[in-house]
Amino acid sequence: MTAGTVSGTAAAEPGAQAPRRPVNFGIVVFPGSNCEYDAHHALSTFPEAAPHYLWHKDHDLDGADVVVLPGGFSYGDYLRTGAIARFSPIMQEVAAFARAGGPVLGICNGFQILAEAHLVHGALLQNRGLKFICHPQYLKVERNDTPFTRRFEVGQVIQIPVNHNEGNWTAGSESLRKIEEQGLVVFRYCDEYGNVTDGANPNGAVDNVAGIVNETGNVMGMMPHPERVCEAELGGTDGRGVFGSLIDHTLEQ
Amino acid sequence: MPELYEELGLSGREYQQIRQIQGAEPTHVELAVYSLMWSEHCGYKHSRPLLKCFPSGGERVLQGPGENAGIVDIGDGLAIAMKIESHNHPSAVEPYQGAATGVGGILRDIFTMGARPICNLNSLRFGEIAPPPGRGRAGTGIADGRGAAHRGAGQADFAQGAADTEHADGTARQRYLFEQVVAGIGGYGNCMGIPTVGGEVYFEEAYQGNCLVNAMTVGVVSHDAIIRSTAAGPGNHVVLIGSKTGRDGIGGASVLASQEFDETLEEKRPSVQVGDPFTEKKLLEACLELLQADRFVALQDLGAAGITSSSSEMAAKGGVGIDIHTDRVPLREPDMAAWEIMISESQERMLAIVEPAHWEGVREVCERWDLDATIVGAVTDGQRLRVYHDGERVADMPALALAEAPTYAVDRERPAHERDEPVELAEYSRPDSSCAGILLDLLGSPNIASRRWIWEQYDHQVQLNTVEGPGGDAAVLRIKRSGGGIAVCTDGNGRHCYLDPYRGGKGAVAEAARNVSCTGAEPIAITNCLNFGNPEKPPIASQFARAIEGMSEACEAFGTPVISGNVSFYNESFGEAIYPTPVVGMLGVMPEFERRAEIRFRGKGDVVFLLGDGAPALDGSEYQKRWFGKVEGRIPDVDLRAELALQEAVRGAIREGIVRSAHDCSDGGLAVALAECCVAGGIGARLDLSRVPGRVSGRQDLTLFGEAPTRVVVSVALEQVERLLSRLQSLGVPSVRLGSVGGEALSLEIGGEELEVSLPALADAYQRGIPSALEESPGSGSIDK
């Protein structure tokens, strides 16, 4: 149990210097995606970002610097969440892009697709409460050396809502040991003081895992929805840290 | 053996009319089509004349009743499309799918108009999910403010002994229905990516055999993108888009599968439609894309009575004819007969009129979305609906006659239980329990307690417009394209309408308007869903007519036309009707969404006022029901002039930043409203209720828990008190200063009595109400506001 700092907003935006070029975010649209517009809208609040949509049937990432797999119910979540979407034509390109070190962010259903595609570890089961949940959620930041979390501090407590029926992340014990040893966990569910407790765990995820990266740190899946908290009028701005980090990371390349 | 037409629900007279129209003995397909189009559900036979009483026009109205949804202007070239619809009977049979397809149907009604759905709401009624206190179930969790265990001793007189076991069984079924309906609503709306932002639910014995599931959708559309369902252009294609057609939803008409039509039992299986939100999501995106590209002449969703109603309505509206070739309809199961294809209620389908030059474009977009699009017929100039199967003409009917079912007026008779006088207070001796105990009990009543358990199962945030989600008086959404906002809510009080349908109907509109006004929005239009019993019975006919009268009067006063709606009759089980339950879906607009109020008390030292001087009454209150086991008397009437002034004062004070919170004072009375303001704000208040209007000596309980319309609780910063008072004075709105916000408890002083309940105790009772009725732990690790 560690206490973190409660933040009202994410770290400050980079200063007034003009961006060298817009960061090209490719948002993949699967049939049944429903947070693609929200990701687009949230990104459009960053002057440095140029979001555009990628169609699941295409074989072209259209010059994306960052690929986003948005939330939703791709293919209706029929069969198993993410199980069909991972076979979409564009996923071949996404996997190649990820292997080449390109940053890929999977949010909610996007996380489920990444897990099905074995681009991140683990699997997502139904919530232990057996119900869909939609509510604000505190997260503890475990790493800030990833392209997704540079604008946070380690131990920082942020608030990003969860909205899912299958967010109960799990992994086999051996694999879990490796994941923890390598420090692949980026966000954990916690209470407002940063205590990682079972009571603060909304879905039963092992080790309170809310977000996780691959070994090379360039692919992240997270159940909470950062695009929902990028404007103060929607009740929070902590989600800006995730997209802002990706912008900083890309501009530095 | 009854005649086939009788089995189909047609009267002998109607059958003769049909013969006359057809000029011959109708074919089986024709009879099937007539029986559906002339059913109460499609034909509005007992309601059409009365529905004309509703005001339905106005400057803002771009589309009134008669289309898939009504549309009102909200400025900046934008408009709101909205409608509410019932799915009561399917939900009673199969609650998850019944509720889910109810949501699917109302969503299609909205995007059929060219609008993108931006939120869902719902209004639900079930039987009791837990016995009231003193009636069995242990551990209802009544505790007074100091934490001591406490039971309502005054209630022993209605403990029901032997009835307990029966009651327990009944409540289990109701809990099942409730949980499944909530899951079904969430399952469909969440998948579609439409936030469910508000609604209401009540639990009453009257709905035990017949639950109500009313679903409402609100969409946004540019004025120039509105499309209607008027077929035009003989020679144009009639195109069916979406799911394949199966036998689902034919169950209701399964009598058709009798002697002549079908001999096999399997074919008679009744079935509730099964929802496929994934296909509907693709249908939504494909239709909106095609509408944007101007590929459709007209569009109509397939709801009740499937192709039958959609094609005949489109033809009737356009004064044209339509030919349908049922053998071209893509089928889910082989060997469906023409009549089955015509009346199937398979979900997620649309009928579009497409010019031949645009067909290729339509086909391409549908293919990209993996949707079937099939030319199943053509527009003709004959004004007739003709059905062909394998080249053979199996039906030929005038479209207009189908769309205009005969109407009936039933003699009205005032129901025997309606009274002219309110209850005698003397017959309601004050319970022995402390007022604190009663307050905690009411806060935990399933009819009042926090609805968090419900709305946490709904995605209420997707689309990034929800600036004020569920839990307040009304939800507030921003309109990204204009910077403005809308407020939406649903309201209806069956108990009130049971006691007095006229006053109850009026009150439903007034309360909905008040809820919207409490956010700062100006009410501009309503949609309604009228849930009643069997309209052929004189007492029901009376309730229906009186409720419409009351609602119409209120709509006139507020300038909120009825732009769409739905009637659901025959909500009865074993001859017992539900409470008459008109539900109002209210839309309000605000020029800037940032200028709004929430219900929560916010700042220490803020001054609390009660606006309005209605005398609280026991009649129809939650207190009367829960603590005396009775629903009787006569509810107070709404004084519409006072109501208008009150709401105008509240809205103005919010827009000018004078008040810091506003909350409608309704179910559970003043004490419950104040407790809700405290719980939502996480801060207490110290208040003196001694000067609240309508005091009766020795009856502090009446002041605390009695209910009256036209009352709002506001809090205001100390330095704004003068501004508030002068505004109230100029509008003639009475008010009482109650005290100030602060502390860790709600302390109420009233006529020498004091009541103090700690904030955690209030919050606990309020948050645990529904989960403990369902025997679950509250919340799922969520953050309390």
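What counts, and where the lines are drawn
Residues numbered from 1 in each chain as written. Chains lettered and ligands numbered in written order. Predicted model: local features only at pLDDT ≥ 70, side-chain atom pairs only at ≥ 80, totals over all residues. Heavy atoms only, no water. Phe/Tyr/Trp six-rings, centres within 6.5 Å; stacked < 30°, edge-to-face > 60°. Helix = DSSP H or I, 4+ residues; strand = E, 2+ residues; numbered from the N terminus. Buried < 20%, exposed > 50% of the residue type's maximum accessible area, 1.4 Å probe, protein only. Salt bridge = Lys/Arg side-chain N within 4 Å of Asp/Glu carboxyl O. Contact = heavy atoms within 4.5 Å. Buried area = accessible area lost by both parts, 1.4 Å probe. Nonpolar A, V, L, I, M, F, W, Y, C, P; charged D, E, K, R; others polar. Patch = residues over 30% accessible without salt bridge, like charges linked within 9 Å, V, L, I, M, F, W, Y side chains within 5 Å. Areas by Shrake-Rupley, 256 points an atom, 1.4 Å probe, with all protein chains shown as cover. pLDDT = per-residue confidence, 0-100. Pairing = 2+ DSSP bridges.

Describing the packing of aromatic side chains
Residues and elements named next belong to chain B. Counted according to the given criterion, the structure contains 19 aromatic pairs over all chains. Plain terms: the ring middles of phenylalanine 126 and phenylalanine 203 are 6.1 Å apart, the flat faces sit at 25° to each other, and that makes the pair stacked. You can see phenylalanine 126 sitting in strand β4 (residues 116-126) and its partner phenylalanine 203 sitting in strand β5 (residues 196-203), a full 77 residues away along the chain. Neither residue differs from the other here; phenylalanine 126 and phenylalanine 203 are each classed as buried.

Describing the pattern of salt bridges
All names here are of chain B. Summed over all chains, the structure comprises 60 salt bridges over all chains. A salt bridge links glutamate 622 to arginine 495, with the shortest nitrogen-to-oxygen separation between them at 2.8 Å. Highlighted residues: glutamate 622 in helix α19 (residues 622-628) and arginine 495 in helix α16 (residues 494-499), separated in sequence by 127 residues. The buried category is assigned to glutamate 622, whose relative accessible area is 5%. The exposure class assigned to arginine 495 is buried, which follows from its relative accessible area of 5%.

What about the interface of chain B and chain A?
In this assembly, 37 residues from chain B lie in contact with 32 residues from chain A. With both chains or domains summed, chain B and chain A bury close to 2800 Å², and 59% of this area falls on carbon and sulfur atoms. Along the contact surface separating chain B from chain A lie four salt bridges. Across the salt bridge formed by Asp370(B) and Lys57(A), the nearest N and O atoms sit 3.1 Å from each other. Taken together, the elements giving at least two residues each to the side of chain B that touches chain A come down to α8 (163-192), α9 (277-292), α12 (359-368) and β14 (466-468) of chain B. Here the element with the most residues in the side of chain B that touches chain A is α9(B); it accounts for five residues. Looking at side-chain class alone, the side of chain B that touches chain A contains 12 nonpolar, 11 polar and 14 charged residues.

Brief notes about a nonpolar patch on the surface
Side chains of Tyr78(A), Leu79(A) and Ile84(A) sit close together on the surface and give an oily, nonpolar patch of about 300 Å² of accessible area. According to the relative accessible area criterion, Ile84(A) is partly exposed, its value standing at 31%.

Here we look at the confidence of the model for chain A
When pLDDT is averaged along chain A, the result is 92; 92% of the residues meet or exceed 70. Contacts for the low-pLDDT stretch residues 1-15 of chain A, under 50 throughout, to residues beyond four places or in other chains number 38 contacts.

Let's talk about the pairing of strand β2 (residues 70-75) of chain B
Within a regular strand, the side chains alternate between the two sheet faces. Residues and elements named next belong to chain B. Burial runs high along β2: five of the six residues are buried. The pairing of strand β1 (residues 61-63) with β2 spans two bridges and is antiparallel. For valine 61, the partnering residue across the bridge sits in β2 and is valine 72. Here β1 folds back onto β2 in antiparallel fashion, the turn holding six residues, of which glycine 66 has a positive phi close to 115°.

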